[in-house]
Amino acid sequence: MKSTLLAKVILNYILFLSIGFIILCTFTQHSLNAYTENREAQRLYREATQVAGNYARNYFNSELSLQDFQTQMESLGQYLSAEIWIVDNQGDILLDSSDASIGKNAANANFTTLDGFDTSDFGNSYYMTGKFYHSFPEKMLSVYSPVTSNYRVKSYVMIHKPVSVIAQNSNGMMNIIFYTVGLIALSALFFLILFLLDIYRPIRLLTATAKSYASGDFEPRTGISRNDEVGYLAKTMDYMATELNTLEDDQRKFISNVSHDFRSPLTSIKGYVEAMMDGTIPPEMQEKYFNIILFETERLAKLTQ
């Protein structure tokens, strides 16, 4: 029982930790990554909307110079750790916050056209993940917001941020979760050990006492005094041992009494029969002793019943 009980408890604890670790590495990690990505997309979308509603509109209305617009986008891009593009309806990049030489309106007229650019690729969402028409070597989180003027879409503000950068924040949170779960597991192990010491030792003592009772020795007592289920079981076993011990004494007394009650009439019957056989009791008195023998025989019959 010792090895079996301990093995089961330890195995269940290890199994619990293993399942918890698998859940953390799969479900929790995936959910946290999705949550972090969605929150970052919302934040970038708010920034893109502000750029589209303020800076880009002023630029297209000739209220803001290209150089000032470029400078402001570079500062914002550095703050967001992202790249900000202004893309027209044909997919031409009008401005790139990470490179002032790229842009349809730049001084050297060096610009890039996105092959197959179509905002319907975003579907019902305002962001998407990927290499954005093969424009980046790594996976990016891309959000967009239209720039409107006179109720017409003039261009789009695109903000691109590496997914790896977003994942760093998610991994940092996962590290905190792992540390927390590790501390919880150690605390659980500590309380599990206390539980085993509090429960296992009394169970082992009860087992040893029960073995003594099974062998016929009812003298040992558990010596456990507690106000819980284990204490109630110990008191029940002590009471059972007392009753069994008393029952055994009664049984011995009963057998002794019955043996004595059988021995007396048998001795009388034997004595009378021998006396009649050797002539000690004369024939004229034998009827009297035959009646005594009959009485003792009936007494034995009643004792037998």
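Nothing here was measured: the structure is a model prediction, and the numbers come from that model.

Cut-off values and rules
Residues numbered from 1 in each chain as written. Predicted model: local features only at pLDDT ≥ 70, side-chain atom pairs only at ≥ 80, totals over all residues. Heavy atoms only, no water. Helix = DSSP H or I, 4+ residues; strand = E, 2+ residues; numbered from the N terminus. Rg over C-alpha atoms; globule rule 2.2 N^0.38 Å. Buried < 20%, exposed > 50% of the residue type's maximum accessible area, 1.4 Å probe, protein only. Contact = heavy atoms within 4.5 Å. Areas by Shrake-Rupley, 256 points an atom, 1.4 Å probe, with all protein chains shown as cover. Lys, Arg positive; Asp, Glu negative; His and termini not counted. Charge placed at Lys NZ, Arg CZ, Asp CG, Glu CD. pLDDT = per-residue confidence, 0-100. Axes fitted to C-alpha atoms, helices over the stretch in contact; angles between N-to-C directions. Parallel < 35°, antiparallel > 145°, perpendicular 65-115°, else oblique. Left-handed = near helix turned anticlockwise from the far one by under 90°. Nonpolar A, V, L, I, M, F, W, Y, C, P; charged D, E, K, R; others polar.

A.B. asks: Describe in detail the overall build of the protein, supporting the description with residues and values.
C.D. replies: Within the protein one finds 5 helices and 5 strands. Mapped from its N terminus to its C terminus, the protein presents α and β elements in the order α-α-β-β-β-β-β-α-α-α. In terms of overall dimensions, the protein is more spread out than a globule: its C-alpha atoms have a radius of gyration of 49 Å, far above the 19 Å expected for 305 residues. Burial status across the protein gives 31% buried among its 305 residues. Across the protein, every contact between residues at least 6 apart in sequence was considered, and the portion connecting residues at least 24 apart equals 53%. When the accessible area of the protein is evaluated, it comes to approximately 19700 Å², of which 58% is carbon and sulfur surface. Across the protein, 25 positive and 32 negative side-chain charges occur, with their mean positions spaced 3 Å apart.

A.B. asks: Talk me through unusual backbone geometry; I want residue IDs and the actual numbers.
C.D. replies: Notably, serine 81 is not glycine yet its phi reads approximately 55°, a positive angle. Considering the arrangement of structural elements, one finds serine 81 in the loop between α2 (66–80) and β1 (83–88). Residue classification places serine 81 among the partly exposed positions, given a relative accessible area of 45%. Phi is positive for phenylalanine 132, close to 50°, though the residue is something other than glycine. In this fold, phenylalanine 132 is placed in the loop between β3 (127–130) and β4 (140–149).

A.B. asks: Report on the environment of glutamate 284, specifying residues and quantitative values.
C.D. replies: Position of glutamate 284 among the secondary structure elements: in the loop between α4 (229–277) and α5 (286–304). In this structure, the C-alpha to C-alpha distance between glutamate 284 and methionine 140, residues 144 residues apart in sequence, is 133 Å.

A.B. asks: Please set out the confidence of the model for the protein residue by residue, giving values where relevant.
C.D. replies: The predicted coordinates of low-pLDDT regions are not to be read in fine detail. Mean pLDDT over the protein: 82, with 94% of residues reaching 70 or higher. The secondary-structure element of the protein with the lowest mean pLDDT is α4, recorded at 82, while β3 shows the highest, at 89.

A.B. asks: An account of the packing of α4 against α5 is needed here, citing residue identities and associated values.
C.D. replies: Contact pair α4 / α5: the axes reach a minimum separation of 10 Å and the direction vectors enclose 155°. Here α4 is positioned roughly antiparallel relative to α5, judged by the angle of their axes. Pair α4 / α5 crosses with left-handed handedness. Contact residues: α4 offers Asp261, Phe262, Pro265, Leu266, Ser268, Ile269, Tyr272, Val273 and Met276, while α5 offers Gln286, Tyr289, Phe290, Ile292, Ile293, Glu296, Thr297, Arg299, Leu300, Leu303 and Thr304. The residue makeup of the contact of α4 with α5, split by class, is 13 nonpolar, 4 polar and 3 charged.

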